[in-house]
Amino acid sequence: MSTDARFEDRPSREWLRRMAELEDRCESVTAGGLAHDLGMLEAALSEEPWLFGRFIQFARRARHLSVEKLAEQADIDIAEILGIECGANMKPAPRTVHKLAQTLGLSSGKLMELCGLAEPQDEGLRLAALRFAARSEPVTELSAAEREAFEEFVKVLSESPESI
Amino acid sequence: MSERPIEIIRREGEIHVPAIVYDGLKPADLVLIERAWGPTRLRLLQELLGRDVPRSEWPESLHWDWSRKADELRYLEATGFGIVCEREWQGVMLTKTVSHVAQLPAEKGRPLVYVDYLESAPWNWRIRPLGQEGQYKAVGTVLFREAVRQSVKEGFHGRVGLHALPKAEEFYRRCGLTPLGRDRRKQNLTYFELGPTEAEGFLRD
């Protein structure tokens, strides 16, 4: 093929419109890869460091526990729980996460994954976490929608309990 | 970085609007592009999750992150293209000219332009379950046309190869590319290739 004026110039409006219609009829024009290592699902989670704290707060409130009571039952410092819940402590100690999982009846492996102490393994967990993040707002009482999102997330977190 | 005026189509009013195609994007440009697109990706993700849209209906590149591709632009063979319209990046493409060769039987082993990644800005996607129609049309067409032009300029006679995401297969087939089977090394995506005759046909108005 030779280099000619047609190729150098911009396409005609008719051609562009025809192609735009084709694009519209097809669902997508994306080329590249599907791999999640290109992806941002993980990034979205790591950019939401408050998620773990918010989840722990929801779990505590759903069980009608005060911070003091949870601290006592899990044998964790009150200050440490408060730090986690308000997002000040985004990298809790593995022992703390394990104790929280035990006390709240959750899978410690998945809770470790959620707070970034373990490598993400579970796509379902990431999606459930994002669903929870999308629907929850930190308010005093859990709304019906929040409770539903929370219960759904708990379900995923509680599946196949594993030890650390 | 070089620039050239083109046109794309604004869906609202169906009007042709001026845009600029840039080639020779720098790694920092990809970081800036993702910074501009990322919040829309996240908002769409939250809406899709919030409305319980099945995963199969999500945009396939929703999870992409162009800033993670910035390093690829450091290779000499890589070129980044982008379209700007109304001060926003509307689409981006990354091509390579050395690492891939033609697979079409008649062209086997000959050099081609390989489209590593091509994506339109998330606000240009049509997402029916969310009622999103997309702001600008023909962005993918204009970018793909740049790949064909690059191939002609390089002396590759319009040969272009790419791995289409499943929902984009129909588009590339209609552009004249030949599907050459699924590629296990590339998440089982179908590899498509444009030969010289089809390239001529594609560029012909």
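Residues numbered from 1 in each chain as written. Chains lettered and ligands numbered in written order. Predicted model: local features only at pLDDT ≥ 70, side-chain atom pairs only at ≥ 80, totals over all residues. Heavy atoms only, no water.

Asker: For this particular structure, what's the right way to read the overall build of chain B?
Answerer: Along chain B, the regular secondary structure elements total four helices and nine strands. In sequence order, the secondary structure elements of chain B are arranged as β-β-α-β-β-β-β-α-β-α-β-β-α. Taken across its 205 residues, chain B has 60% of its residues classed as buried. A separation of at least 24 residues holds for 62% of the contacts in chain B among residues at least 6 apart in sequence. Carbon and sulfur atoms make up 50% of the accessible area of chain B, which totals about 8,700 Å². (Helix = DSSP H or I, 4+ residues; strand = E, 2+ residues; numbered from the N terminus. Buried < 20%, exposed > 50% of the residue type's maximum accessible area, 1.4 Å probe, protein only. Contact = heavy atoms within 4.5 Å. Areas by Shrake-Rupley, 256 points an atom, 1.4 Å probe, with all protein chains shown as cover.)

Asker: Explain the packing of aromatic side chains to me, please; I cannot follow it from the model alone.
Answerer: Describing an aromatic ring pair means giving the distance of the ring centres and the angle of the ring planes. Residue and element names in this part refer to chain B. Under the criterion given, the structure shown has nine aromatic pairs over all chains. For the ring pair Trp 64 and Tyr 117, a centre distance of 5.4 Å and an interplane angle of 85° mean the geometry is edge-to-face. Linking Trp 64 in the loop between α1 (27–50) and β3 (78–85) with Tyr 117 in strand β5 (residues 113–120), this pair joins segments that are 53 residues apart in sequence. Residue Trp 64 is classed as buried on the basis of its relative accessible area of 0%. Plain terms: the ring middles of Phe 144 and Phe 202 are 5.2 Å apart, the flat faces sit at 80° to each other, and that makes the pair edge-to-face. (Phe/Tyr/Trp six-rings, centres within 6.5 Å; stacked < 30°, edge-to-face > 60°.)

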